[in-house]
Amino acid sequence: QVQLVESGGGLVQAGGSLRLSCVTSGSIFSIEHMAWYRQYPGKQRELVASITRGGDTYYLDSVKGRFTISRDIDKNTMYLQMISLNVGDTAVYYCYAWSDNRGDFGRGTQVTVSS
């Protein structure tokens, strides 16, 4: 099992930037891929970006060119660099990891973008 702890959320004005971090612990060597999800109130979580063990990435169309997902293996940390934020990016952001045939989420971090 993998434990995931997110940080870096907060309040930012439209056009601003934030960097989310996700520190992993536990069975980290079995992680096959990781991702960031976000959830709007009353909605299901949606996949924002993902990164495989080999470094292949995926982005939701609405964040392409604005968000960058990355991993620092030595620090057991995954990042989501977000620029040009808009009010539509306001949500709770969750870190996700797939390992040992199971997926785990962190508790989430709130990102609020003001107009």
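Quick caveat, the model's predicted, so the values are computed rather than measured.

### Some details on the packing of aromatic side chains
- The tally for this structure, following the rule as stated, stands at four aromatic pairs.
- Their ring planes at 85° and their centres at 6.4 Å tell us that Y94 and F105 sit as a pair that is edge-to-face. Highlighted residues: Y94 in strand β9 (residues 91-99) and F105 in strand β10 (residues 102-105), separated in sequence by eleven residues.
- Through a chain of ring-to-ring contacts, three or more aromatic side chains come together here, namely Y37, Y94, Y96 and F105.
- Above the ring of Y94, the side-chain terminus of R45 is found at 3.7 Å from the ring centroid.
- Cation over ring: R45 sits above F105, and NZ or CZ is 4.4 Å from the ring centre.

Cut-offs and rules
- Residues numbered from 1 in each chain as written.
- Predicted model: local features only at pLDDT ≥ 70, side-chain atom pairs only at ≥ 80, totals over all residues.
- Heavy atoms only, no water.
- Phe/Tyr/Trp six-rings, centres within 6.5 Å; stacked < 30°, edge-to-face > 60°.
- Helix = DSSP H or I, 4+ residues; strand = E, 2+ residues; numbered from the N terminus.
- Lys NZ or Arg CZ within 6 Å of the ring centre and 35° of its normal.

Function cannot be read off these values alone, since they describe shape.
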